[in-house]
Amino acid sequence: LIFTPSVNLNVSHEWGADMDSSPSMSIDKLLPALLECFGIILCGYIAGRANIITPTQAKGLGSFVSKFALPALLFKNMVLLDFGNVIWPFLWSILIAKVTVFVLVCVLTLIVASPDGRYSKAGLFSIFATQSNDFALGYPIVEALYQSTYPEYLQYIYLVAPVSLMLLNPIGFAFCEIQKWKNGSNHQQRKLLIVGIVVLQVLKNPIVFMVVIGIIAHFALHRTIPPFMAAFVDGLANSFGGAALFYLGLSMVGQLGKLTRSTVVTLILLITAKLLLMPLICREMVDLLNNSNTSALNHSSLSNYAFLYGVFPTAPSVAIYAIYYNAELEVVTSGMVISTFLSAPIMYVSAWLLTMRWMDPQLLMNSLQNVSFNISIVTLVALVWSITVMFLSKKFKRLPHMFTANLFLAQLLTCIGMILWNFVVKEDNFVGQVLTFALLCTSLYSTFVWPGMLSLSLALIKRFEDVKVSPAVFVIAGWGIPAIVTAVLLICGVKSSDTIDSAFFYGKPQIIGTTVVAAFSILLGGSSLVCLSRGSWTHSDQSQEGNSAEDLMTEIEPDNQTLIEPITPSGDVNTGTLSNEDHLPGICLWLLLDNVPGRLYLELQFFCAVANYGQGFLSFALFGLDKHLIILPFKKRLYSLWCRKKQEEQPQSDLPEEIRMTCTQFTKYHKDQCFQDIVKRRRCGKRTAVDSFLGCELVQWLQQVGLAQDLGEAVLYGTRLQQGGVLQHIMQEHGFQDNRLYYRFMS
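Keep in mind it's a predicted model, so treat the numbers as computed, not measured. (Residues numbered from 1 in each chain as written. Predicted model: local features only at pLDDT ≥ 70, side-chain atom pairs only at ≥ 80, totals over all residues. Heavy atoms only, no water.)

Some thoughts on the overall build of the protein
At step 1: Along the backbone of the protein there are 28 helices and 4 strands.
At step 2: Taken over 747 residues, the protein has a buried fraction of 50%.
At step 3: Once local pairs closer than 6 in sequence are excluded, the contacts in the protein between residues at least 24 apart make up 81%.
At step 4: Element-wise, carbon and sulfur atoms account for 64% of the exposed surface of the protein, whose accessible area totals about 34300 Å². (Helix = DSSP H or I, 4+ residues; strand = E, 2+ residues; numbered from the N terminus. Buried < 20%, exposed > 50% of the residue type's maximum accessible area, 1.4 Å probe, protein only. Contact = heavy atoms within 4.5 Å. Areas by Shrake-Rupley, 256 points an atom, 1.4 Å probe, with all protein chains shown as cover.)

Encoded structure:
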């Protein structure tokens, strides 16, 4: 996010007039609809998390939803669809927007990604950014908003989704098939089959098949379902809503646990493309192409509807594609969960602003100021904690954490500057306002520059192990560039009258300065990360071997304090290089090109205020909970207290029958074979070796020998073994998990 300049609401009369128009959607039913949808999703998640429904059973429900209920729903609506009420420019606008995002994500992925998985990543990431959860989650939301005002809008859901499935997804599948062909041995044969496989995959999709059949039946049956099959089709179609949402909750279980630091940047960029870039492009395309609409109110309503449609989260079927091609499963599944829950507040706030009648501009500016002030206070506490942890762990002495500490300091000064600004702006003290503005503007611009500097330092550390550039040069640039831009504003700028917003204190020159600083950091950081990614390709094969002993040693004893923190072959380093301006590059161009921004701009303005002054929360999430200083001691203490309590309350002889039977069966018939198959002697520290195994290895072994039918049963089996004292975590800090945690059998 960049420091987006606010619109001068005191002079935007047209914006006020737009606010005075009657609402085109009903906001009253939106909150109940959101609670209904996410309540059912939560029930499904709880059922899966508590193992009430196992993964094998969940697959059966998923097959019913995707192969029976949804095709019946599509067939019914295709037959009953009224093509006479369709505004075709709206459909072309959504299609062009989807194609634009698809191509953008695909091209950037092909440029940045490593060659070993470039094409599969391009295909899956492009589908992730364009395929929305239109039916299970989108349709109830649209129905709640437009059923009483524009009921014909509901049919666009059934028109837009199949177009995406039939046009864009096959392109993504083709990229995935190309990757399979490149990884295979028989290139000639595979090359001839790629097109056939993609076409066959599309035709075998029951959703595409039933859409085609439904359109044929629409004209053959004259928009009427025969009475003898109407009840049958209705029964299947009506079962879709609740079952699909429940299955969505089931499919979320355990997905966030697969997220790693190396995938965080990719995930954030994909979610940004899906939830922010897509709705903006959809809205602008409708404004551009739907000029023939004679009703200004209907045109505005379609534009707003396009924005809301773009906010719909990613469909769960994308995770199925990732499983099928065995590629980028961690990113896709985690992104599906995060985008689903992020979409709810974005949809609600968007709908609220779009239905809100005219409001006093001064009140809106005061609200924005209060949001910035309150966020700054909370973030200040988080940053003080993060900086304290950084110094106690002595990470600030190493590169690139030395530069990360400067980023934390810039974020801290930004919060202090905003808190001071909240008081001085209300007083008639020009000198105080200028000094506070200098502190706030310099520190905030510095938060833009430092992520780029961090990325550059990572690239240099990767390229030159002895780091040819002095850290002092980075420190001078990280603080000097913002200071120079702020000084130019103070010397050459003219203070805007009647404004309390620090983002618009010097008017258009400040907008231009913000754009220049943000663009500089984005280009610097982006190019550095591309070089870092490309430079790590030649070392990627080395990261798969010899990890066990090293991971074990890392888990048991802290890393030695060195001047330069080592970077893994994948280019990942234990540092935060996420740029807060990466989310919305160049948003302030909106204000430069459009002097009368509307209500959606107001939403982005509040969003940017939260992100600019709340970016310390990201720093706290990455560094505030240091593994060796806080998390591991806390887990160890909590786990020891819990185990001691369990042992006191439940002696070995009083264990439940199913636990004792499981432990007896495993110890008597399977333990020796399991020991031979998965237990290895691994180095633990410098002088000690331990016979240990990974939790994920035991889970896989239990399924291979038939002791568990699926992942859920395997984890439950391992948990019973731990509760019965057959196995334990080597440090006694974790329960049994399907993860790269180390366990050992008890003698």
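From this point, the narrative continues.
A word on the pattern of salt bridges
At step 1: This model, assessed by the stated rule, comprises 6 salt bridges.
At step 2: The partner of Arg283 in a salt bridge is Glu284, and the shortest N-O contact between them spans 3.4 Å.
At step 3: Its relative accessible area of 16% is what places Arg283 among the buried residues.
At step 4: Here Arg681 makes a salt bridge to Asp691, at a shortest N to O gap of 3.1 Å. (Salt bridge = Lys/Arg side-chain N within 4 Å of Asp/Glu carboxyl O.)

Some words on the packing of aromatic side chains
At step 1: Evaluated as defined, the whole model comprises 27 aromatic pairs.
At step 2: With centroids separated by 5.4 Å and ring planes inclined at 5°, the aromatic side chains of Phe90 and Tyr305 adopt a geometry described as stacked. Of this pair, Phe90 sits in helix α4 (residues 88–112) while Tyr305 sits in helix α13 (residues 296–311), and the two are 215 residues apart along the sequence. Of the two residues, Phe90 and Tyr305, neither departs from the other in class, the shared state being buried.
At step 3: Three or more aromatic residues joined by ring pairs form one cluster here, namely Phe666, Phe693, Trp701, Tyr717, Phe736, Tyr743 and Phe745. (Phe/Tyr/Trp six-rings, centres within 6.5 Å; stacked < 30°, edge-to-face > 60°.)

Here's the deal with the packing of helix α3 (residues 55–80) against helix α11 (residues 240–251)
At step 1: Between α3 and α11, the least distance of the axes is 10 Å, while the angle of their chain directions is 145°. For the pair α3 and α11, the sense of crossing is left-handed. Only Phe240, Ala243, Ala244, Phe246, Tyr247 and Leu250 of α11 make contact with α3, whose side of the interface consists of Ala58, Leu61, Gly62, Val65, Ala69, Leu70 and Leu73.
At step 2: For the contact of α3 with α11, the residue count by class is 12 nonpolar, 1 polar and no charged. (Axes fitted to C-alpha atoms, helices over the stretch in contact; angles between N-to-C directions. Left-handed = near helix turned anticlockwise from the far one by under 90°. Nonpolar A, V, L, I, M, F, W, Y, C, P; charged D, E, K, R; others polar.)

Concerning the confidence of the model for the protein
At step 1: When pLDDT is averaged along the protein, the result is 77; 75% of the residues meet or exceed 70.
At step 2: Scored below 50 in pLDDT, residues 1–22 makes 84 contacts in the model with residues more than four places away or belonging to other chains. (pLDDT = per-residue confidence, 0-100.)

Regarding the nonpolar core
At step 1: Within the largest apolar cluster, 94 residues are counted, with the highest numbers of intra-cluster contacts made by Phe90, Phe135, Tyr146, Tyr156, Phe240 and Tyr305.
At step 2: Per element, the largest residue contribution to this core is 11 residues, and it comes from helix α12 (residues 264–289).
At step 3: Discounting residues that sit within four places of it in the chain, Phe90 has contacts with Tyr156, Val286, Leu302, Tyr305 and Ala306.
At step 4: By size, the runner-up hydrophobic cluster in this structure holds 27 residues, among which are Ile375, Leu444, Phe448 and Val517. (Core = buried A, V, L, I, M, F, W, Y, C linked by side-chain atoms within 4.5 Å.)

Overview of a nonpolar patch on the surface
At step 1: Taken together, the side chains of Val99, Val103, Leu104, Val107, Leu108, Ile111 and Val112 make up a nonpolar region of the molecular surface, amounting to roughly 510 Å² of accessible area.
At step 2: Looking at the secondary structure, you find Val99 in helix α4. (Patch = residues over 30% accessible without salt bridge, like charges linked within 9 Å, V, L, I, M, F, W, Y side chains within 5 Å.)

Brief notes about unusual backbone geometry
At step 1: For His222, which is not glycine, the phi dihedral falls at a positive 55°.
At step 2: For His222, the position within the fold is in the loop between α9 (206–220) and α10 (227–238).
At step 3: With a phi close to 60°, Arg223 is a non-glycine residue in the positive phi region.
At step 4: With respect to the secondary-structure elements, Arg223 resides in the loop between α9 and α10.

Considerations on the environment of Val265
At step 1: Along the chain, the position of Val265 falls in helix α12.
At step 2: On the basis of relative accessible area, Val265 is assigned to the partly exposed category, the value being 30%.
At step 3: Considered as a pair, Val265 and Val331 are 66 residues apart in the sequence and their alpha carbons are 9.9 Å apart.

Here's the deal with the environment of Trp88
At step 1: By the secondary structure assignment, Trp88 is in helix α4.
At step 2: Measuring from C-alpha to C-alpha, the distance between Trp88 and Tyr156 comes to 9.9 Å, with 68 residues separating the pair along the chain.

Describing the packing of helix α17 (residues 401–424) against helix α19 (residues 471–492)
At step 1: Closest axis-to-axis distance for the α17/α19 pair is 11 Å, and the angle between their directions is 20°. Judged on the interaxial angle alone, α19 and α17 are roughly parallel. At the point where α17 passes α19, the crossing takes the right-handed sense. Of α19, the residues touching α17 (which contributes Met402, Phe403, Asn406, Leu409, Ala410 and Leu413) are Pro471, Phe474, Val475 and Trp479.
At step 2: Here the contact of α17 with α19 is composed, by residue class, of 9 nonpolar, 1 polar and no charged. (Parallel < 35°, antiparallel > 145°, perpendicular 65-115°, else oblique.)

Here we look at α3
At step 1: The terminal C-alpha atoms of α3 lie 36 Å apart, and with 26 residues this matches the ideal 38 Å at 1.5 Å per residue to within 8%.
At step 2: Where α3 bends most, at Val65, the angle is about 35°. (Expected span 1.5 Å × (residues − 1). Bend = angle between axes of the 7 residues up to and from the residue.)

Some words on the environment of Met252
At step 1: Following the sequence through the fold, Met252 ends up in the loop between α11 and α12.
At step 2: Taking relative accessible area as the criterion, Met252 reaches 3% and is therefore assigned buried.
At step 3: Ignoring anything within four residues of it in the chain, the contact list for Met252 reads Ile41, Tyr45, Met336, Val337, Thr340 and Phe341.

Observations concerning the side chain of Thr436
At step 1: As for its placement among the helices and strands, Thr436 is situated in helix α18 (residues 430–463).
At step 2: Ignoring any residue separated from it by four or fewer positions in sequence, one finds Thr436 in contact with Gly417, Leu420, Trp421 and Val424.

Concerning α12
At step 1: For α12, which comprises 26 residues, the first-to-last C-alpha distance of 36 Å matches the rise-based estimate of 38 Å (1.5 Å per residue) to within 8%.
At step 2: At Leu277, α12 shows its strongest bend, of approximately 35°, with the proline Pro279 following within four residues.

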